[in-house]
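Remarks on the overall topology
The chain contents come next:
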Amino acid sequence: MRAVIQRVTQARVTVGEEQISSIGRGICVLLGISVEDTQKDIDYMIRKILNLRIFEDDSGKHWSKSVMDKQYEVLCVSQFTLQCILKGNKPDYHMAMPSEQAEPFYNDFIQQMRKAYKPELIKDGTFGAYMQVHIQNDGPVTIELEPPASTADPKHLAKLEKQQQRKEKTRTKGPSESSREKSVPRSKDDPSASSGAEGDVSSEREP
């Protein structure tokens, strides 16, 4: 699970022309759920998000109060793209939990957060919808948050390790072929340079 938490003066979510939800002063939480997330991750993230001290106290001292201390609002928005892994320049989302599993998981996250705080102060968007999120970042203050690696399911970690090993094998095999080709000197006057002929033709050239 990965969250991007922004301190805001106001934020709102719209789908098309319809406003789904909005908040005033508080925090906006963009939440990306991964295939390895568990109930322990939900508990950890909720506790940290609600107790994160990113607001000032009554005397103006910074980093002293949490959203619960100030009785401010929280807007949560599901965002699977936070689980992006780049393959070159192309985003890959295989680490994101599939939507049919992620939706009940996200709904559980919201319900647990409402139980931990005040339900009327917890707002969210529409899971799976194409949303426009309007955020007025206060500061700006943006915090990234992830649960400790120890809470991950060992079975998922083993699966991810195998996937990574397969990628490394593929990556190692690919460049070795191209690098071998690059190591062969080519000349514009060499007929084999553009013919795709196999073998090292450099040995046939005169020095």
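Residues numbered from 1 in each chain as written. Predicted model: local features only at pLDDT ≥ 70, side-chain atom pairs only at ≥ 80, totals over all residues. Heavy atoms only, no water.

Defined as follows: UniProt positions are given in the numbering used here, feature names are shortened, and annotations may be inferred rather than shown by experiment.
Per an unreviewed UniProt entry, the protein goes by the name D-aminoacyl-tRNA deacylase and belongs to Eleutherodactylus coqui. Its UniProt record, at the heading Subcellular location (unreviewed entry), says of the protein: "Cytoplasm". UniProt, in the comment section headed Sequence similarities (unreviewed entry), describes the protein in these words: "Belongs to the DTD family."

1. Description of the overall build of the protein
Here is the rule: Helix and strand definitions follow DSSP, with helices as H or I runs of at least four residues and strands as E runs of at least two, each counted in order from the N terminus. Under the scheme applied here, a residue whose accessible area is under 20% of the maximum for its type counts as buried, over 50% as exposed, and between as partly exposed, the area being computed with a 1.4 Å probe on protein chains only. Contact criterion: two residues are considered in contact whenever any of their non-hydrogen atoms come within 4.5 Å of each other. Areas reported as accessible are Shrake-Rupley estimates using a 1.4 Å probe. Residue values count occlusion only from the protein chains shown.
Looking only at helices and strands, the protein features four helices and eight strands. In the protein, buried positions account for 36% of the 207 residues. Restricting the contact set of the protein to residue pairs at least 6 apart, pairs at least 24 apart contribute 70%. Here the protein displays about 13000 Å² of accessible surface, and carbon together with sulfur accounts for 49% of that area.

2. Details of the packing of aromatic side chains
To be explicit about the condition: Paired rings are identified among Phe, Tyr and Trp, the last through its six-membered ring, by centres lying within 6.5 Å, and are further divided according to the angle between planes into stacked (under 30 degrees), edge-to-face (over 60) and tilted (the rest).
What the rule picks out here adds up to three aromatic pairs. Residues Phe80 and Tyr93 carry aromatic rings whose centres are separated by 5.0 Å and whose planes lie at 75 degrees to one another, so their mutual orientation is edge-to-face. Separated by 13 residues along the polypeptide, Phe80 in the loop between strand S4 (73-78) and strand S5 (85-87) and Tyr93 in the loop between strand S6 (90-92) and helix H3 (99-116) bring together distant segments of the chain. Judged by its relative accessible area of 32%, Tyr93 is partly exposed. For the pair Tyr106 and Phe127, a centre-to-centre distance of 5.9 Å together with 35 degrees between the ring planes defines the contact as tilted. Of the two residues, Tyr106 sits in helix H3 while Phe127 sits in the loop between strand S7 (122-124) and strand S8 (132-145), which places them 21 residues apart along the sequence. Looking at Tyr106, the relative accessible area reads 1%, which means it is buried.

3. Re the confidence of the model for the protein
Operational definition: Along the chain, pLDDT gives the predictor's confidence residue by residue, from 0 to 100.
When the pLDDT values of the protein are averaged, the result is 83; 73% of them are 70 or greater. Within the model, the stretch residues 176-184 combines pLDDT values under 50 with one contact to residues more than four positions away or in other chains. In this model, residues 186-207 is a region of pLDDT below 50 whose contacts with residues beyond four sequence positions or in other chains number 11 contacts.

4. What to know about the packing of helix H1 (residues 39-51) against H3
How two helices sit against one another is set out by the angle between their axes and by the gap between those axes. So the rule is basically this: Every angle, taken between N-to-C directions, lies between 0 and 180 degrees, and every axis is a line fitted to C-alpha atoms, over only the stretch in contact when it is a helix. Geometric relationships in this document are graded by angle, where less than 35 degrees denotes roughly parallel, more than 145 denotes roughly antiparallel, 65 to 115 denotes roughly perpendicular, and other angles denote oblique. Should the near helix be turned anticlockwise from the far one by less than a right angle, the crossing is termed left-handed; should it be turned clockwise, right-handed.
Packing of H1 against H3 brings their axes to within 10 Å, and their N-to-C directions diverge by 45 degrees. As judged from the angle between their axes, H1 and H3 are oblique. Every pair of crossing elements has a handedness; the one defined by H1 and H3 is right-handed. Across the interface between the two elements, Gln39, Ile42, Met45, Ile46, Ile49 and Leu50 of H1 pack against Phe105, Asp108, Phe109, Gln112, Met113 and Ala116 of H3.

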